[in-house]
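Here are the chains, one letter per residue:
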Amino acid sequence: MQVSVRKLAHDGRGPKKASVREDGDRYRRLVERLPNFICEVRAGRIAYVNPAGLGLLRAETESALLGRPFADLISPEFALILDDGMADWLAESAPLPLRFRRLDGSFADVEAKAVAADNDGDESVIVIARDISNLKHAALAVVDQESFLHAILDNLAEGIVTVAEDGCVLTANAAACRMFRASAEDLAGLPFVELVGSAADRLGHARPCAPAMIAASQGTAPRRDGTPVRVEPAGRSAGRWVG
């Protein structure tokens, strides 16, 4: 059912005027307590913003936003979403990643969805958004940390191969690639037994688990071209075996 935030709060017509007004007041209180950004846009301009929305946009009062074009809140790189008014956005079934421009000039990364609203024939849209700035920053920090660790591993003189519990290679650093004379892509997914040659024979079964495989791998192993290379097991780290 299409609704308007303002209408829920103020519609009191008909024989059930008191009941409708009470329902509207309850909905208004609910909207004002929600942690998500909620904004009513009427004819392209802001008609309502809940307290969470004011906080997200760093607006001291609702009056600082009322009447402003909603397009002013959209960061320029996402402006295309409003090229056809809000029709294209309304057609999207899932929330879209956007960036809001706050009143102080800073930006907030959000996931936002637009929903058509019934407001006595007026063009009205409810925008619901969730602040994902912290999540995005955390994801970028993880990527940066992974890149940092990969850079360290790729500059070590020792060859390091991480092996999953099923005995298959997960990753290989640059030294390991040179050692086995193969690319990281060629090594990834290979059974570790293929890198350590006769270790499987010493264990007596065809697909040994990673701990047993690495324990038996000390000695020499064949490179991809068949020449031997010295290998030694190094143990376990974060659920992965390193050889």
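Our structure is the block above this text.
Below is a summary of the structure that appears in this document. (Residues numbered from 1 in each chain as written. Predicted model: local features only at pLDDT ≥ 70, side-chain atom pairs only at ≥ 80, totals over all residues. Heavy atoms only, no water.)

### A few points about the overall build of the protein chain
Part 1: Within the protein chain, the secondary structure is distributed over ten helices and eleven strands.
Part 2: Per-residue burial over the protein chain gives 37% buried out of 243 residues.
Part 3: Looking at the protein chain alone, contacts between residues at least 24 apart form 44% of all its contacts between residues at least 6 apart.
Part 4: Summed over its atoms, the accessible surface of the protein chain is roughly 13800 Å², and 55% of this surface lies on carbon and sulfur atoms. (Helix = DSSP H or I, 4+ residues; strand = E, 2+ residues; numbered from the N terminus. Buried < 20%, exposed > 50% of the residue type's maximum accessible area, 1.4 Å probe, protein only. Contact = heavy atoms within 4.5 Å. Areas by Shrake-Rupley, 256 points an atom, 1.4 Å probe, with all protein chains shown as cover.)

### Let's talk about the pairing of strand β7 (residues 169–172)
Part 1: Alignment of strand β6 (residues 161–163) against β7, held across three bridges, turns out to be antiparallel. Residue pairing across strands places Thr 162 opposite Thr 171, the latter belonging to β7.
Part 2: The turn linking β6 back onto β7 is made up of five residues, and Gly 167 within it adopts a positive phi angle of 90°. (Pairing = 2+ DSSP bridges.)

### Some details on a negative patch on the surface
Part 1: A grouping of Asp 83, Asp 84, Asp 88 and Glu 92 is seen on the molecular surface, where their side chains present a negatively charged patch.
Part 2: Tracing the chain through its elements places Asp 88 in helix α4 (residues 87–90). (Patch = residues over 30% accessible without salt bridge, like charges linked within 9 Å, V, L, I, M, F, W, Y side chains within 5 Å. Salt bridge = Lys/Arg side-chain N within 4 Å of Asp/Glu carboxyl O. Lys, Arg positive; Asp, Glu negative; His and termini not counted. Charge placed at Lys NZ, Arg CZ, Asp CG, Glu CD.)

### Side note on unusual backbone geometry
Part 1: For Ala 43, which is not glycine, the phi torsion reads 55° and is therefore positive.
Part 2: Within the secondary structure, Ala 43 sits in the loop between β1 (37–42) and β2 (45–49).
Part 3: With a relative accessible area of 61%, Ala 43 lands in the exposed category.
Part 4: Despite not being glycine, Arg 58 has its phi angle at roughly 55°, a positive value.
Part 5: Relative to the elements of secondary structure, Arg 58 occurs in the loop between α3 (51–57) and α4.

### Points about the side chain of Asn 173
Part 1: Here Asn 173 lies in the loop between β7 and α6 (174–180).
Part 2: A relative accessible area of 4% means that Asn 173 is categorised as buried.
Part 3: A polar atom in the side chain of Asn 173 sits 2.9 Å from the backbone nitrogen of Ala 176.
Part 4: Dropping the residues within four chain positions of it, Asn 173 is found in contact with Leu 153, Asp 154, Leu 156, Glu 158, Gly 159 and Ile 160. (Polar contact = N/O pair within 3.5 Å; in protein donor to acceptor, adjacent residues only side chain to side chain.)

### What to know about the pairing of β1
Part 1: Across the six residues that make up β1, a large majority, five, are buried.
Part 2: Two strands pair when backbone bridges link them, and β1 and β2 are joined in this way by four bridges, in the antiparallel orientation. Directly across from Val 41, in β2, lies its bridge partner Ile 46.
Part 3: Remark: two residues form the turn of the hairpin made by β1 and β2, two consecutive strands paired antiparallel; Ala 43 in that turn has positive phi of roughly 55°.

### Observations regarding the nonpolar core
Part 1: Core analysis: the biggest nonpolar cluster contains 27 residues, and Phe 37, Phe 70, Trp 89, Phe 100 and Val 127 have the highest contact counts within it.
Part 2: Of all elements in the fold, only β1, β2, α3, β3 (96–101), β4 (107–119) and β5 (122–131) reach the threshold of two or more residues within this core.
Part 3: Element by element, the count of residues in this core is highest for β4, at four residues.
Part 4: Residue contacts for Phe 70: discarding those within four places in its chain leaves Cys 39, Val 41, Gly 44, Arg 45, Ile 46, Leu 82, Met 86, Trp 89, Phe 100 and Val 127.
Part 5: One finds Val 169, Ala 176, Leu 187 and Leu 195 within the second-largest nonpolar core, a separate group that totals twelve residues. (Core = buried A, V, L, I, M, F, W, Y, C linked by side-chain atoms within 4.5 Å.)

### Some points on the environment of Glu 123
Part 1: Among the structural elements, Glu 123 can be located in strand β5.
Part 2: Judged by its relative accessible area of 54%, Glu 123 falls in the exposed class.
Part 3: The spatial distance from the C-alpha of Glu 123 to the C-alpha of Val 41 is 8.3 Å, given a sequence separation of 82 residues.
Part 4: Once residues lying within four places of it in the same chain are set aside, the contact partners of Glu 123 are Val 41, Arg 42 and Ala 43.

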